Amino acid sequence: MAHEHRKFICITCPRGCALDVTLEGEIVVQMEGNSCKRGIDYVTGELKDPRRMVTTTVRVRGGVHPLAPVYTESPIPKPRIFDLLAVIRKVELKAPVKVGDVVIENALGTGINILASRNIPAKGEVS
Amino acid sequence: MLKEKYDVIVIGAGPAGLAAAIEAKKTGAQDVLVIERAQELGGILQQCIHNGFGLQIFKKDMPGPAYAQRFIDELAGLHIDTLLDAMALNVTSERHVYATSRTSGFLELDTRALVLAMGCRERTRAQIALPGTRPAGVYTAGTAQRFVNIEGFMPGKRFVILGSGDIGMIMARRLTFEGAKVERVLEIMPFLTGLTRNYVQCLLDYDIPLQLEHTVKRIIGNNRVEAIESVQIDSQRQPIPGTEETIPCDTLLLSVGLIPENELSRKAGVALDPVTAGPFVDEKMQTSVPGIFAAGNVVHVYDLVDWVTQAGLLCGRNAAEYAIAARKHHGRRVRMKAGDNVRYVVPHVLDKESLAESAQRLQMRVTLPIEEPVWVEVMNGEERVTRKTELYVRPGEMVNIDIPQSAYDAVQRASELSVRVVRR
């Protein structure tokens, strides 16, 4: 099978290694430029099932702010990001919200929960 | 209830200030106060809802607010005072802090050690002198971030972003998530100024075009931004004629750098580095003014919050140690006061332990002449510590008296000594 050369930028950590990858189909046969072994996992993921963490906000009623920030517990498939955002947009919470509260369970059937990323005390409540 | 004097006062409750306050308390500082301008703790992290925080310190990929929450929770368990919705107006080199808030009014506070953790501000349109009209719709990226992530409204529908800093790229993705169209990201430099991973996961992932060596030539629109005119620049940063392009949009975001916020540092007489625009610091994060420390983006602009936290921890530990030493030292020092017919005494302050080494000479001038024999007396209240006689005293002639080593015990009992010159 013919070898293919491709370039990636690893986004696993803030270092952002520039990867030179030799591929045989979806198999990484050689990699240069990576600082750790997570580079291989990243490229394998990008080829087979690219995923991203998604962070956004949901509406909150009666809180010190009108929104609560939320995040995916783990990265979700990249092609489903905008479907997920549409689902999250429909949610409205009631204050108080606590960091780690499950906002949506098993979002889009991915098995991944959407969690609140901070406390939103109710208006007038001592945070 | 606030105290009048603290071991450590921290100005700013962002990641640097929170870490400094927590570590100061854990190191043994008795009273710690954090003064914060916003209505809640956490600083800019509260609007940085994206992930990527905590990989170094917690080995976990966390959103900004969740990262802040860890420190807010820890602080709450440590009996650290907080003054929110408050403005620190002035600080002096003697570490007097003047602050005001709606709930507590005007406050004058003292602290043995002060931590400056005010962070930084975004560079604005005025600071980069963007030509064109002055319509609504020009924001810094951080202001737009606060609107979208905390206050819940969108500043526009079609965006151009000037500058490839991290906040700009992160906002490009965020605005796309909220249904806006980001037409272009322009960067004047020939390279990206933010992290490469943000180019991938914020711009490439959503097909948002980035143009290096491009800038905004002028802003078009009267009441509201209608378009911007972009232009390519050469290696001397001069516009290349003929490369202009009109990009229709209703909002221009600026992500063109951050400047440490050091108005208070300047008032305290802290020396600033013209390159970083932050205080000069030593390995303890102490500034040029003893007892005043600084940490975080107020010193220099970081790219990772984890390093800010570490700077805050180091700073808080050293501020607490300074305060503890100052408190210990305080009981050992006694003020020298001018009593009857004495204008002043030098030294003004005496270390009580100095008498263990040698006698200590005091020098002074009298207020009025006395042309007959006098006693020069060193008093601890009504108790006489030592005295000598002079045949006369005159304001033009300096008077000396030595506190002998035999007075060591008497001096240990004193909190204040006075010298008087009286007729025999």
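Residues numbered from 1 in each chain as written. Chains lettered and ligands numbered in written order. Predicted model: local features only at pLDDT ≥ 70, side-chain atom pairs only at ≥ 80, totals over all residues.

## A few points about the interface of chain B and chain A
In many reports, interface size means the accessible area that the parts give up when they come together.
And then number 1: Taken together, the contacts link 24 residues of chain B with 21 residues of chain A.
And then number 2: Going through the elements one at a time, helix 2 (64-76), helix 4 (141-151) and helix 6 (196-203) of chain B are the ones with two or more residues in the side of chain B that touches chain A.
And then number 3: Partitioned by chemical class, the residues of the side of chain B that touches chain A number 10 nonpolar, nine polar and five charged. (Contact = placed C-beta atoms within 7 Å. Helix = DSSP H or I, 4+ residues; strand = E, 2+ residues; numbered from the N terminus. Nonpolar A, V, L, I, M, F, W, Y, C, P; charged D, E, K, R; others polar.)

## Notes on the environment of A311 of chain B
All names here are of chain B.
And then number 1: Here A311 is to be found in helix 8 (residues 305-330).
And then number 2: Looking at A311, the number of C-beta atoms within 10 Å reads 25, which means it is buried.
And then number 3: Between the C-alpha atom of A311 and that of A19, which follows or precedes it by 292 residues, the distance is 8.3 Å. (Buried ≥ 20, exposed ≤ 12 C-beta atoms within 10 Å, placed from the backbone.)

## Observations regarding the sheet that holds strand 21 (residues 360-366) of chain B
Residue and element names in this part refer to chain B.
And then number 1: Taken in spatial order, the three strands make up an open sheet running 19-21-24, and their pairing is antiparallel. Each of the sheet's edge strands pairs with one partner strand only, and the pair in question is strand 19 (342-346) and strand 24 (399-403). Strand after strand, the sheet turns through a mean of 25° between neighbouring axes, direction not considered.
And then number 2: One ladder, built from four bridges, connects strand 19 with strand 21; its direction is antiparallel. Directly across from Y344, in strand 21, lies its bridge partner R365. (Pairing = 2+ DSSP bridges. Axes fitted to C-alpha atoms, helices over the stretch in contact; angles between N-to-C directions.)

## With respect to the sheet that holds strand 23 (residues 383-390) of chain B
Consider a sheet: its strands pair through backbone hydrogen bonds, and that pairing is either parallel or antiparallel.
Residues and elements named next belong to chain B.
And then number 1: Pairing is mixed across the open sheet formed by five strands, whose spatial order is 20-18-25-22-23. Since the sheet does not close on itself, it has two edges, and those belong to strand 20 (349-351) and strand 23, each with one partner. For this sheet, the mean angle separating the axes of adjacent strands, direction not counted, is 25°.
And then number 2: Relative to strand 25 (residues 416-423), strand 22 (residues 374-380) runs antiparallel, the two sharing six bridges.

## Details of the domain arrangement of chain B
And then number 1: Each assigned domain of chain B is listed here: domain 1 (5-121 + 259-330), domain 2 (124-256) and domain 3 (333-423).
And then number 2: Placing the centre of domain 2 of chain B and that of domain 3 of chain B at their C-alpha centroids yields a distance of 71 Å. (Domains from an automatic or database assignment.)

## Observations concerning the pairing of strand 2 (residues 18-24) of chain A
All names here are of chain A.
And then number 1: In terms of strand pairing, strand 1 (residues 4-9) meets strand 2 through six bridges, oriented antiparallel. Looking across to strand 2, one finds that I9 is bridged to A18.
And then number 2: Turn length for the strand 2-strand 3 (residues 27-32) hairpin, with the two strands adjacent in sequence and antiparallel, is two residues, and the turn residue G25 shows positive phi of about 65°.

## Observations concerning the packing of helix 5 (residues 166-177) of chain B against helix 6 of chain B
Residue and element names in this part refer to chain B.
And then number 1: It is at 8 Å that the axes of helix 5 and helix 6 come closest, and there the two elements cross at 15°. Considering the angle they form, helix 5 stands roughly parallel to helix 6. Where helix 5 crosses over helix 6, the handedness of that crossing is left-handed. Contacts between helix 5 and helix 6 involve D166, M169, I170, A172 and R173 on the former and, on the latter, N198, Y199, C202 and L203.
And then number 2: Per-class residue counts for the contact of helix 5 with helix 6 are six nonpolar, one polar and two charged. (Parallel < 35°, antiparallel > 145°, perpendicular 65-115°, else oblique. Left-handed = near helix turned anticlockwise from the far one by under 90°.)

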